[in-house]
Amino acid sequence: MSGSWQDYTRRIEELAAAQGLKFHPVDFEAVPDSFMMEIAVYGLPVRMPHWSFGVRYIYQLIQRHMGHSRLFEVVFPGNPGHAYLAESNGLAENILVTAHVLGHADFSRNNLLFKRCQEQVSERIVEHAANHARQISAAIETHGAQRVEAVLDAALALEQHIDVDVALRRPRYPEYAEDPKALVDDTFRKRFAALEPAAAAVAPEARRRAPVPPHPEKDLLWFLAHYAPELESWERDIFLAVREESFYFYPVFATQIMNEGWASYWHARLLREADFVPQQAYVDAIKCHSDVVRPVAAEQQVALSINPYHLGFVMWEKIVERDGLAAARGIMEQDDDFAFVRNHLTRELAEELDMFRYSARSDGQIKVLEQDLNALHEAVLAPKYNFGAPIVSAVKVRNDGTLELAHDSTVDGRGLDLERSRKVLDYVQRVWRRPIVLTTVNQAGSTLELTAP
Amino acid sequence: MDEAGGKRGEKTGAAKWYELFSRGARDWLRHDEKIREAVRANLPDIIAGGEVINDGARTVRVPVRMLEHYHFRLRRPEEQQGAGQGKAKPGDVLADPARDQGPGEKGAGGRDEGEMQLLLEFKVDDIVDWLWEEMQLPNLKARTGPSDESDWIREGWDRRGARSRLDRRRSFKELVKRRGAPGASPNFTDEDLRFRQLARRKQPAVHAVVFFMLDVSGSMSDRDRKLAKTFFFWVVQGLRREYRSLDTVFVAHTTEAWEFSEPDFFQVSGTGGTVASTGLLKVREIMDARFNPGRANIYLFYASDGDNSVSDAAEARAALAGIAADTCFTGYVEVSSGLSRQLATETGKLFAELQSSGCAAGSYALNDFDDVWGAVRHFFAAETQVPDAAPAPAAPPAQDSP
């Protein structure tokens, strides 16, 4: 075996382009395993400091020592994209990983959800995140680690609570409620005003201040950044920095099955087509591929979770086989995991893949349930609803500054974990600086109020 | 292999920043620091439990859970659905706590990530410092004066002295000063040399002896002994703050008394009745044989459930009075995990008499691990309130070496 993986990069890129993949250029860089692990922990190559990342870091370290997880690559979308490859990868692994990365690059450039979020966050999230980290280090210099940490405790605790259906940069709520009279037909109003000038002059005085928020607000990070009564500007910057990163993470989270499946499909396909790859490297790469996309760990019979690489890979293979590549590209562009799984995980496929639903009781008993395709879809998707978080909205700010939060239990059917929720309220209260009330439901389904302080 | 070489070649020059600095380690250290702060804030509660005391070592191990950064989460339901993959038919039971009782597996909540525990190790000295600060415990007053120890202390300079005590820096300064004068020799002369001088100084009392006497009669339960052990442990730590060296003597008694080594002491359990005077006489014997009661700082702490034999009262009283006269402080801690009788026991009465007779003595009823700190505080506060009852013997004249 001769040559390094870089020698193959250009040819794999050309092959991918010839196969119809459309991607921004990607910068490849080989980095030490320790750095790979940090990228996995932080989600971005350079990110703000917070002790909670330290906890994840230790878990990763233990996992790695136990040989459970191995990272081959991490790729960041953008123009250009950044791909980090583990230095410990062999030649075959790197050839495979290069093809895989190009699959991701194609996906992130063409998938609508990715495109929409990327347009707002910018194509330079890696640099933005590094800037946020620098800005937060500067805040620590100025305001002290304790105060900055208190703000980060709150902001990162709410990192999933954004609203991707509204723009990243959005205006504040209108100051005044819309004048209901303005809706009345204009011609009539003009004629009426001509008849009764005194009545028309009354209108401006009737302007009412709009309530804040005018409607339940899901984007808690935005709401706190803009409406917390005594938030200082550096604190607002931290909230907005966390929020911007969340907008970046959302599509990665919400298209994981599709995205990993797409990349796996393409690394397998490109490898088959790549006649320039030496025979031995090809065999090694195929072995590596089958390790990555296998559904169940070698020593086990069943897995209690779904390997997104495997599920996505098999689904894309079926779709291409059945409807052709053009149709598959259409699906790739338009769907996210919810649509993808609900529309394309068919009964036959679920049976072929031996997928099942189970119920785990709190006493530890785990039982396989009857087959039911729709329920299976929801079981696969349940951890992904609403960025993986319960729906909590800001509903009102009382006259004394008390913030009312409400958990929408009609969607998820059960209440919040009270102990954790109280802790989150404590974090948020230190930033809101006024009392906070959170309504949720208890086990019996009746309304319950948590307050801080 | 050769590709690794190639990559390294590419990076010659400045090392990449991520090779110099681990953000993960930085944030982990911050987490560690937060845990230590939290532990420190709850220290009295955490270490009141006897388990943390690490025999013999100068450290205390505190098991802690990793901190969790909280997010809004749904309540964990009684029954949760998930999706899996593999050869399984509807109705199959994949895990059953009733069937496979794995050793050490707790069943519920076993899948939680937060299960991981850390074992933090704290230096006992640090802990004691924090605690004394936290609980505002007074520092003990050593009996001043009677000290056998003295030490050489560096004090001043002289123009004559042993070669080994030559202070080069000082001598050189003298040379520089002298050279400033017109016509002075630029070389060192005897005039320039300065020698460090030593003086004999009396050291403050640095030595103390603590007698721990434990009732191990049949009525003392394991828990009682553990309470006593925890209490004794922190007493030793408190005294160590004051005295540079501390001798400990462990005496256990039932109807007779024995001296034990520290590890054995807390394992001992006996049967039969309680005759406190045997223990006290044993203490007396050791005190006279090994220590100098008039000059050493002696402390006695006695732990018992208080059920002394009634016929022993007179003898015990006499022995106790004799010991109390020679100790800095005599403490009695009544460990009765069953029912709290608040010192209304035979032994309790003995110490109450002792205290009312003006001796440096105190008693405390210790019923619960949470209360160990109360006991420690009680004794240390009491000890400092006692006025210097015993007049300090005249200090022996400092001996000068020839």
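Predicted model only: the values in this text are computed from it and were never measured.

Glancing now at the overall build of chain A. Assigned secondary structure in chain A consists of 20 helices and 10 strands. Projected onto its principal axes, the C-alpha positions of chain A cover 90 × 55 × 55 Å. Within chain A, the proportion of its 453 residues that are buried is 40%. Considering only residue pairs separated by 6 or more positions, chain A has 75% of its internal contacts joining residues 24 or more positions apart.

What follows is about the overall build of chain B. Of the regular secondary structure elements, chain B holds 12 helices and 12 strands. Relative to its 402 residues, chain B shows a buried fraction of 30%. For chain B, restricting intrachain contacts to residue pairs at least 6 apart in sequence, the fraction spanning at least 24 positions comes to 79%.

Our next topic: unusual backbone geometry. Residues and elements named next belong to chain A. Note the cis peptide between asparagine 79 and proline 80, where omega equals 0°. With an omega of 0°, the peptide bond running from alanine 452 to proline 453 counts as cis. For proline 453, the position within the fold is in the segment after strand E10 (447-452). In this model, arginine 433 sits at a positive phi of 65°, which is unusual for a non-glycine residue. Looking at the element boundaries, arginine 433 is found in the loop between helix H20 (418-432) and strand E9 (436-441). A tally of 14 C-beta atoms within 10 Å means that arginine 433 is categorised as partly exposed.

Right, let's get into the domain arrangement of chain B. When its domains are assigned, chain B resolves into domain 1 (25-69 + 116-124), domain 2 (150-202) and domain 3 (207-385). On a C-alpha basis, the centroid separation for the pair domain 2 of chain B and domain 3 of chain B is 55 Å.

The next thing to look at is the sheet that holds E10(A). All names here are of chain A. If you trace the four strands from one edge of the open sheet to the other, you get E7-E8-E9-E10, paired in mixed fashion. Taken across any chain shown, the strands that pair with only one partner, and hence form the sheet edges, are strand E7 (392-397) and E10. Between one strand and the next, the sheet's axes are offset by a mean angle of 25°, whatever the strand orientation. In terms of strand pairing, E9 meets E10 through six bridges, oriented antiparallel. Bridging across to E10, threonine 439 finds its partner in glutamate 449.

Right, let's get into the pairing of strand E8 (residues 245-253) of chain B. All names here are of chain B. Across nine bridges, the pairing between strand E7 (residues 207-215) and E8 is parallel. Within E8, the position partnered with methionine 213 by the bridge is valine 251. For the crossover from E7 across helix H7 (residues 222-242) to E8, the handedness is right-handed. Relative to strand E9 (residues 257-260), E8 runs antiparallel, the two sharing four bridges. When the bridges of E9 are listed, valine 251 appears paired with glutamate 259. Between the end of E8 and the start of E9, which pair antiparallel, lie three residues.

With that out of the way, let us pick up the sheet that holds strand E2 (residues 79-86) of chain B. The strand order across the open sheet formed by five strands is E4(A)-E2(B)-E5(A)-E6(A)-E3(B), and the pairing between neighbours is antiparallel. Here the strands that pair on one side only, and so sit at the sheet edges, are strand E4 (302-303) of chain A together with strand E3 (93-95) of chain B. Across seven bridges, the pairing between strand E5 (residues 355-361) of chain A and E2(B) is antiparallel. Its bridge partner being in E2(B), A:Phe356 is matched across the sheet by B:Gly84. Along the sheet, helix H18 (residues 373-381) of chain A makes contact with E5 of chain A together with E2 of chain B, crossing E2(B) at roughly 100°.

Facing the 64 residues of chain A at the interface are 48 residues of chain B. In terms of residue class, the side of chain A that touches chain B is built from 37 nonpolar, 14 polar and 13 charged. The pairing of strand E6 (residues 366-368) of chain A with E3(B) spans two bridges and is classified as antiparallel. Note on E3(B): the bridge partner recorded for A:Ile366 is B:Ala95.

Quick look at the packing of helix H14 (residues 308-323) of chain A against helix H15 (residues 325-334) of chain A now. All names here are of chain A. At a minimum axis separation of 7 Å, H14 and H15 run at an interaxial angle of 135°. Classified by the angle their axes make, H14 and H15 are oblique. Mapping the contact onto sequence places Trp316, Ile319, Val320 and Asp323 in H14 and Leu325, Ala327, Ala328 and Ile331 in H15. Classifying every residue of the contact of H14 with H15 by side-chain character gives seven nonpolar, no polar and one charged.

Next up on the list: the packing of helix H3 (residues 51-65) of chain A against helix H3 (residues 23-41) of chain B. One can describe the packing of H3(A) onto H3(B) by two numbers: an axis separation of 7 Å at closest approach and a directional angle of 110°. When the interaxial angle is binned, H3(A) and H3(B) end up roughly perpendicular. Every residue of H3(B) that contacts H3(A) at A:Trp51, A:Phe53, A:Gly54, A:Val55, A:Tyr57 and A:Ile58 is listed here: B:Gly24, B:Asp27, B:Trp28, B:Arg30, B:His31 and B:Lys34. For the contact of H3(A) with H3(B), a count of residues per class yields six nonpolar, three polar and three charged.

Moving on to the environment of B:Arg168. Its place among the elements puts B:Arg168 in helix H6 (residues 168-179). Between the C-alpha atom of B:Arg168 and that of B:Phe379, which follows or precedes it by 211 residues, the distance is 51 Å.

Time to look at the environment of A:Asn94. Residues and elements named next belong to chain A. Take asparagine 94: it is sitting in helix H4 (residues 91-110). Residue class for asparagine 94 comes out buried when judged on the 25 C-beta atoms lying within 10 Å of it. With 22 residues separating them in the primary sequence, asparagine 94 and phenylalanine 72 have C-alpha atoms 8.0 Å apart. Discounting chain neighbours no more than four positions away, the residues touching asparagine 94 are Trp5, Leu85 and Asn89.

Residues and elements named next belong to chain A. Along its 19 residues, helix H6 (residues 125-143) runs 26 Å from first to last C-alpha, staying within 8% of the 27 Å computed at 1.5 Å per residue. Every buried residue of H6 is listed here: Ile125, Ala129, His132, Ile136 and Ala139. Looking down the long axis of H6, one finds its buried residues gathered within 75° of arc, a one-sided arrangement. Those residues of H6 that are exposed and aimed more than 90 degrees away from the buried face are Arg134, Glu141 and Thr142. Tucked into the core, H6 has its buried residues touching strand E2 (73-76), helix H5 (112-121), helix H7 (145-157) and helix H11 (233-254). The positive-phi residue at the C-terminal boundary of H6 is glycine 144, with phi of around 95°.

Residues and elements named next belong to chain B. Mean pLDDT over chain B: 74, with 74% of residues reaching 70 or higher. Per-element confidence in chain B is highest for H6, whose mean pLDDT is 89, and lowest for helix H1 (residues 2-10), whose mean pLDDT is 36. Predicted confidence for residues 1-13 stays below pLDDT 50, and this span has six contacts to residues more than four positions away or in other chains. Predicted as a complex, the structure gets a pTM of 0.71 and an ipTM equal to 0.87.

What follows covers the nonpolar core. Formed by 125 residues in total, the largest nonpolar core has its most connected members in A:Ile95, A:Leu102, A:Ala155, A:Leu221, A:Leu224 and A:Ile238. The dominant element in this core, judged by the number of residues it contributes, is H4(A), at 10 residues. Two domains each provide a minimum of three residues to this core, namely domain 1 (293-389) and domain 2 (390-452) of chain A. In contact with A:Leu224, other than residues within four places in its own chain, are A:Phe239, A:Val431 and A:Trp432. Membership of the second largest hydrophobic core comes to 60 residues, among which are B:Phe211, B:Leu227, B:Leu320 and B:Phe380.

Next up on the list: the pairing of E7(A). Residue and element names in this part refer to chain A. Sheet topology places E7 next to strand E8 (residues 403-407); five bridges connect them, and they run antiparallel. Among the inter-strand pairings, valine 392 is bridged to a residue of E8, identified as histidine 407. Connecting the antiparallel pair E7 and E8 is a turn made up of five residues, with glycine 401 showing a positive phi of about 90°.

A few words on H3(B). All names here are of chain B. The end-to-end C-alpha distance of H3 is 27 Å, a good match for the 27 Å that 19 residues give at a rise of 1.5 Å each. Taken together, the buried positions of H3 are occupied by Arg23, Gly24, Asp27, Trp28 and His31. Buried residues of H3, seen end-on, are gathered within an arc of 135° and therefore sit on one face of the element.

Rules and cut-offs
- Residues numbered from 1 in each chain as written.
- Chains lettered and ligands numbered in written order.
- Predicted model: local features only at pLDDT ≥ 70, side-chain atom pairs only at ≥ 80, totals over all residues.
- Helix = DSSP H or I, 4+ residues; strand = E, 2+ residues; numbered from the N terminus.
- Buried ≥ 20, exposed ≤ 12 C-beta atoms within 10 Å, placed from the backbone.
- Contact = placed C-beta atoms within 7 Å.
- Domains from an automatic or database assignment.
- Pairing = 2+ DSSP bridges.
- Axes fitted to C-alpha atoms, helices over the stretch in contact; angles between N-to-C directions.
- Right-handed = clockwise from strand over helix to strand, strands pointing away.
- Nonpolar A, V, L, I, M, F, W, Y, C, P; charged D, E, K, R; others polar.
- Parallel < 35°, antiparallel > 145°, perpendicular 65-115°, else oblique.
- Expected span 1.5 Å × (residues − 1).
- Arc of directions from axis to C-beta.
- pLDDT = per-residue confidence, 0-100.
- Core = buried A, V, L, I, M, F, W, Y, C linked by C-beta atoms within 7 Å.

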